[in-house]
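One letter stands for each residue in the lines below.
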Amino acid sequence: MSDGGGFDGRKERRSKVVTFLSNLERDRKKNLASLRVLAEGLRDHITFDLWEKDDWSISSPGLLYRVGKNRNTAVLSFSGQKQIGGQPIGGDFNTLAKALVVLRYHRNSQSIENQRSFITAVSYVEKAANGSDLFQLTEEHLNRACDEIAKDYKEGSAYNLHKAVGEFAAHVDSNGLAKIPLNFKYARMKRPPNAGGLEIVRLDAPEALITSSEKMASVETYQLLGALYQRVPREHRYRLPILILSVLAATGRRFSEVCGLPLKCLEVKPTGEVALRYFQGKASKGRTFTPFRKVWLATEMAQIVVAAVEELTDLCSGPRDTAARMRQLSGPDLSFLDSVDESAQLGIEDLEGLGLSGALFQTNGWLRKNGLAWIDPASEQKESGAVRWVTTVTGIREYCARDFQERLIKPIHIDQFGAELYLEDMLICQHMYLGGSDAARMFWLANSYSHVMLDKFIQRALPQLAKEFAPEIGAKIDFTSHAFRHTINTLLDEGGVPELLQTDWFGRNNPRDTKAYQHTSRAKRVLEVRQALRDGNANGLIRESLKKIPIELHDAYLEARVRAVHDVGPGVCIHDFSQVPCERHLQCSAECDDLVWAKSDPGRIEEIKRQWAMAAVALETAEKRALGDRPRKSRDWISHTKKKLRTLQMQLSDNGVAPFDPHDYLRGTEDEK
């Protein structure tokens with residue numbers, strides 16, 4: 001066991017953080033005090049109450065705003081969870097937790113949800129320290145905290161909290177607060193199986209051919225949404241969330257991308273192809289340039305999306321008009337009061353005639369509670385003894401202004417040309433919810449549709465709608481809006497779309513992220529490649545080897561050779577990395593025995609053409625340099641490039657691609673950019 005790292009390499013895998021202090025003192029208390037001073041100096045970046053409070057009321061827009069959430073304030077509590085008593089974090093642990101919350105946000109802009117998880121992790125560490133001060137923290141304390149977390153939380157939550165404990169320990173180390181370096185990562189930290197970990201499935205087991213994941217939407221869910229889309233009337237109060245779910249289910253976009261669609265979000269070619277123009281999710285309102293992206297839709301997707309967008313355009317036209325007037329007036333849209341006499345005394349019948357609730361005059365009604373309603377003196381003279389409560393236009397104006405917020409008239413997006421888009425420029429918006437079982441709306445205020453609203457609809461209203469409009473389906477209501485992204489990604493993957501194209505189509509930056517959305521079992525991939533090679537529908541050097549082996553040995557040979565499948569752009573690799581590293585350093589096209597490709601694979605043609613064109617130009621360059629003063633090195637380059645070209649040429653031939661000029665092709669792709 002070298003270097004104290006442990007048999008599992010824990011030391012090498014510990015969390016890495018950047019030191020916040022530029023100068024570390026030998027006195028650990030001074031280092032902690034410096035962290036506090038540094039954090040308190042950043043109050044312009046994160047607005048909070050007095051440092052000493054255990055509950056901070058946060059109003060920093062950057063910390064609070066998340067796509068699909070409407071909120072202006074939130075509470076950040078520096079207390080433990082109820083599982084460990086719910087007591088405030090004390091002493092130096094409290095000071096460090098507060099300082100790190102501020103500094104983490106300033107450095108990396110973590111969301112408030114992430115900060116709450118971090119505080120929870122710190123509370124478990126303090127509990128495990130059992131009275132020891134921060135500077136006496138040991139690996140034993142940290143392990144004890146992680147053990148308790150594992151008992152109290154499900155795998156997914158525990159995994160994230162274990163990572164937070166590791167990050168906290170790294171901050172303690174890097175800022176000179178530990179008496180003994182911790183170098184900590186929880187040895188028993190377990191990545192949840194649904195987070196992309198390896199699965200063990202026998203290739204002869206029936207489930208090897210089944211694609212399933214708890215993160216995907218079921219067939220029954222799609223059937224239910226289809227039935228509701230067709231059967232729920234257009235004037236129904238829940239028509240809007242049904243349309244939103246229909247677009248999510250058809251496109252696999254993020255919730256923020258669908259609810260942030262611009263009004264003019266469709267581009268239709270004369271030939272009928274349809275593209276969806278959208279803003280990539282996770283951008284902050286009014287502060288970040290969020291350029292348009294464009295994604296072309298499959299024919300079946302386009303039919304649903306076009307119809308839904310047309311209906312949403314009409315359904316949300318009223319709220320969009322309200323939003324435009326709100327921005328004009330810098331306040332609520334009070335046009336419904338234009339014909340009302342300013343001096344008139346308005347009673348219940350007048351309020352109801354304006355579309356307002358007569359409950360405003362009740363004992364706990366807003367107008368009476370705020371001193372904006374009084375008894376009509378004339379009613380007191382009546383023999384019946386009944387009194388009439390009244391107000392004026394001024395009272396109604398104040399009532400309508402109570403929920404107005406400046407954020408409602410701020411830009412939601414700024415595109416790549418600097419154009420500001422406001423709520424009235426969005427496809428989806430609604431009148432603000434007033435509350436109550438009758439789902440009354442504030443027709444004088446418009447707002448965006450939030451993720452919380454959709455979650456509540458799925459949990460509360462959708463089961464009843466299913467019983468009323470689609471009782472024959474009997475689908476289990478157990479999905480999230482993100483399940484459709486997993487489902488569509490998996491279907492495209494099984495349909496043979498290369499990972500690079502999947503990554504681009506879904507608007508991701510890293511192809512590795514795409515793998516987390518692919519739920520085709522590894523066993524199924526292996527079996528499909530074996531079958532394609534048996535049937536002659538796949539090609540590669542392994543196929544040539546297969547021709548030299550007796551037919552009765554084909555199955556045994558393929559079982560021995562094809563034990564893993566990885567997408568590598570122009571094809572798939574069958575090298576088993578769990579046994580040995582890649583000897584060719586991932587130069588798959590250079591006549592590698594492990595490269596396999598489908599004989600007809602339209603989705604990969606452009607990638608193969610691109611690689612062939614680049615290799616052809618590289619060969620020309622190498623041949624020119626071979627005439628110079630370093631011919632030997634150039635010869636090696638020429639040999640490697642020719643191998644690559646031979647393989648890529650075979651792939652082009654299998655896909656029926658006619659010869660083309662590599663220079664013209666590369667110029668064409670550059671012009672398209």
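1. Topic: the packing of helix α8 (residues 239–251) against helix α16 (residues 451–469)
Link 1 in the chain: For the pair α8 and α16, the least separation of the axes is 11 Å and the interaxial angle reads 105°. Between α8 and α16, the angle is such that the two are roughly perpendicular. In this structure, α8 uses Pro241, Ile242, Leu245 and Leu248 to contact α16, whose residues at the interface are Leu454, Phe457, Ile458 and Leu465.
Link 2 in the chain: Here the contact of α8 with α16 is composed, by residue class, of eight nonpolar, no polar and no charged.

2. Let's talk about the sheet that holds strand β14 (residues 572–573)
Link 1 in the chain: Spatially, the four strands line up as an open sheet ordered β12-β15-β14-β13, and their pairing is antiparallel. Where the open sheet ends on each side, the last strands, each with one partner, are β12 (538–539) and β13 (566–567).
Link 2 in the chain: Of the pairings in the sheet, the one linking β12 to strand β15 (residues 595–598) comprises two bridges and is antiparallel in character. Looking across to β15, one finds that Ala538 is bridged to Ala598.

3. Points about the packing of helix α10 (residues 299–315) against helix α11 (residues 317–329)
Link 1 in the chain: Contact geometry for α10 and α11: axes closest at 5 Å, N-to-C directions at 50°. One element, α10, and the other, α11, form an angle in the oblique class. Contacts from Leu312, Thr313, Asp314 and Leu315 in α10 reach Ser317, Pro319 and Arg320 in α11.

4. Re the side chain of His431
Link 1 in the chain: By secondary structure assignment, the location of His431 is in strand β10 (residues 430–435).
Link 2 in the chain: For His431, a relative accessible area of 18% corresponds to the buried category.
Link 3 in the chain: A distance of 3.4 Å separates a polar side-chain atom of His431 from the backbone oxygen of Phe443.
Link 4 in the chain: If we skip the residues at most four places from it in the chain, His431 touches Gly318, Pro319, Thr322, Arg441, Met442, Phe443, Leu445 and Ala446.

Definitions and cut-offs
- Residues numbered from 1 in each chain as written.
- Predicted model: local features only at pLDDT ≥ 70, side-chain atom pairs only at ≥ 80, totals over all residues.
- Heavy atoms only, no water.
- Axes fitted to C-alpha atoms, helices over the stretch in contact; angles between N-to-C directions.
- Helix = DSSP H or I, 4+ residues; strand = E, 2+ residues; numbered from the N terminus.
- Parallel < 35°, antiparallel > 145°, perpendicular 65-115°, else oblique.
- Contact = heavy atoms within 4.5 Å.
- Nonpolar A, V, L, I, M, F, W, Y, C, P; charged D, E, K, R; others polar.
- Pairing = 2+ DSSP bridges.
- Buried < 20%, exposed > 50% of the residue type's maximum accessible area, 1.4 Å probe, protein only.
- Polar contact = N/O pair within 3.5 Å; in protein donor to acceptor, adjacent residues only side chain to side chain.

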